[in-house]
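Below, each chain spelled out in residue letters.
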Amino acid sequence: MIIDGKQIAADIRRELRAEIEALLREGRRAPKLAIVIVGHSPASETYVANKLKACAEVGIEAVKLAYPTEITEQTLLTEVHRLNSDDSIDGFIVQLPLPPHINETTILSAIDYRKDVDGLTPENVGRTVQGLPSIISATPRGIRELLARYRIPTEGKHVVVIGRSNIVGKPMAILLMQRPYLSLPNMSAASLGDATVTICHSKTRDLAAICRTADIIIVAAGSPNLLTADMVSEGTVVIDVGINRIDDPAAPRGYRLVGDVDFEHVAPKAAYITPVPGGVGPMTIVSLLQNTIQAYHEHTR
Ligand code: NAD
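Not measured: the values here are computed from a predicted model.

Rules of the game
Residues numbered from 1 in each chain as written. Predicted model: local features only at pLDDT ≥ 70, side-chain atom pairs only at ≥ 80, totals over all residues. Heavy atoms only, no water. 1 Å grid on protein atoms, 1.4 Å probe; cavity = no way out; pocket = protein on both sides within 12 Å on 5 of 7 lines; lining within 4 Å. Points joined across faces, edges and corners; volume = space filled by probe spheres on them. Helix = DSSP H or I, 4+ residues; strand = E, 2+ residues; numbered from the N terminus. Nonpolar A, V, L, I, M, F, W, Y, C, P; charged D, E, K, R; others polar. Core = buried A, V, L, I, M, F, W, Y, C linked by side-chain atoms within 4.5 Å. Buried < 20%, exposed > 50% of the residue type's maximum accessible area, 1.4 Å probe, protein only. Near = heavy atom within 4 Å. Polar contact = N/O pair within 3.5 Å; in protein donor to acceptor, adjacent residues only side chain to side chain. Areas by Shrake-Rupley, 256 points an atom, 1.4 Å probe, with all protein chains shown as cover. Sits in = over half its atoms within 2 Å of the grid points. Pairing = 2+ DSSP bridges. Axes fitted to C-alpha atoms, helices over the stretch in contact; angles between N-to-C directions. Contact = heavy atoms within 4.5 Å.

Draft legend 1. Up close: the layout of surface pockets. The calculated volume of the largest pocket comes to roughly 1,800 Å³. Around the largest pocket, the lining comprises 47 residues; the ones closest to its centre are Y47, I243, G281, T284 and I285. A per-element tally of the lining of the largest pocket places helix α2 (residues 42–58) first, with nine residues. When its residues are assigned to classes, the lining of the largest pocket shows 25 nonpolar, twelve polar and ten charged.

Right, here's the structure in full:
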C-alpha cells in the first residue's frame with residue numbers, strides 16, 4: 001500500500017485550521033511564528049515561501065524577517081535574543097543554511113528551546129533523549145504521524161534507520177526506541193516507540209543483510225536507489241526520506257525528484273511504502289505548524 005503523505009498532510013492542515021478557528025472564537029489570539037532568513041538563496045526563499053503559505057492556510061500568523069548576507073554573527077545573535085523575549089511570538093525558526101561566516105551551532109544554541117519550533121536546539125534534543133516534553137524536529141515528527149495515522153505499530157518491531165543526521169536519523173531513532181507514553185501528546189492511537197532500532201550510516205558493513213532483518217526501514221541518506229529490492233524482505237514497511245534531483249531532459253524543469261529507494265522494484269514487496277514526492281515531504285511543513293501550535297499552547301497556558 002502506498003502511504004499518501006499529501007492526503008494526510010491536507011487532513012492535518014484542515015484539523016489545525018479548525019483548532020485555530022476554535023481558539024479565535026474563544027477570543028484568543030492566533031499562534032504566531034517568525035521565520036528568520038539570511039541572504040538570498042533561491043532554495044531557502046522557496047522553502048520559506050512554502051512555510052508562510054502553509055501558516056496562512058491554517059491561520060497561524062507568520063512573519064518573515066530577512067537579513068542581508070553580510071549580517072554579523074553578533075547582530076544575528078542579538079536578533080535571536082530579541083525574538084526569545086518578544087512575548088507576541090510563540091515560536092521561530094532560523095532558515096538553514098546560514099552564510100559560512102556564521103556558526104550555525106552558535107545561533108541554534110541561542111534559541112529559547114520553548115520557541116525552537118524546528119526542534120534543533122541542544123536542549124530540545126536532550127529533552128527528547130530523556131523522554132521529557134520537547135519539540136521534535138519536523139521530519140521525524142512527520143514520519144511518526146504517518147505511522148500513527150496508518151496504524152502501523154512499532155512496538156517490538158525491528159526498525160532500521162539509514163542515516164545519522166541531527167535533523168532526521170538521530171531523532172528518528174530516539175523516538176522509535178522510546179517508551180511511547182513519554183512522547184508527545186495528541187498522537188493517534190497506534191503504539192509508537194518501543195521498537196528495537198538499528199542505526200546504519202555510511203560506514204555500516206553489509207547494509208543489505210541488516211535491512212533484510214527489518215520490519216520497518218527508514219531511509220534518510222540522500223543517495224538515489226540506495227535501497228534496492230534484494231535488501232527488503234516481503235511485508236516490510238519502507239519510509240523514504242531522501243530527496244534527490246536527477247537530470248531528466250524530458251521533465252519540464254530538466255530534472256525530477258527521486259528518493260533513496262528503488263521504488264519500482266521495492267514497492268511490490270513492501271507492506272507500506274512512501275513515494276517521493278508525496279510521502280514524507282508534505283509532512284515536514286505540517287510538523288512545523290504542529291510544533292508552532294504546541295509552542296503556542298505552552299506559551300499561553
Ligand atoms: P545528511 O547528508 O546530513 O546525512 C546523510 C546520512 O546518510 C549520513 O549519516 C550518512 O552516514 C548516511 N549515508 C549516506 N550514504 C549512505 C550509504 N550509502 N549507506 C548508508 N548510509 C549512508 O542528510 P539528511 O539531512 O538527514 O537528509 C537525508 C536525505 O533526506 C536527503 O536526501 C535530504 O534531502 C532528505 N530530507 C528530506 C526531508 C523531507 O522533508 N522529506 C527532510 C530532511 C531531509
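That covers the picture; the talk isn't over yet.
Draft legend 2. Geometry of the nonpolar core. Among the nonpolar cores identified, the biggest contains 44 residues, and I60, I143, L147, L176, I218 and I239 are the most heavily contacted of them. Considering each element in turn, this core owes the most residues, six residues, to helix α10 (residues 281–300).

Draft legend 3. Structural detail: the site of the ligand. Residues in contact with the ligand amount to 21 residues; listed here are only the nearest, R164, S165, S202, I243 and T284. H201 is positioned with one of its backbone polar atoms (N or O) 3.4 Å from a nitrogen atom of the ligand. Between the ligand and the protein, one listed contact pairs an oxygen atom with a side-chain N or O atom of T284 at 2.7 Å. Within the complex, 70% of the 850 Å² of free accessible area of the ligand lies under protein. When atoms are counted within 2 Å of each cavity's grid points, the one that captures over half of the ligand is the largest pocket. The residue inventory of the shell around the ligand, partitioned by class, reads ten nonpolar, ten polar and one charged.

Draft legend 4. Region of the structure containing the sheet that holds strand β2 (residues 61–67). Strand order in the open sheet formed by three strands is β2-β1-β3, with parallel pairing between adjacent strands. The open sheet terminates on both sides in strands that have one partner only, identified here as β2 and β3 (91–94). For this sheet, the mean angle separating the axes of adjacent strands, direction not counted, is 15 degrees. Judged from the four bridges that link them, strand β1 (residues 32–38) and β3 form a sheet pairing that is parallel. Within the sheet, the bridge partner assigned to L33 lies in β3 and is G91. Helix α3 (residues 73–85) contacts β1, β2 and β3 of the sheet and is inclined by roughly 165 degrees relative to β2.

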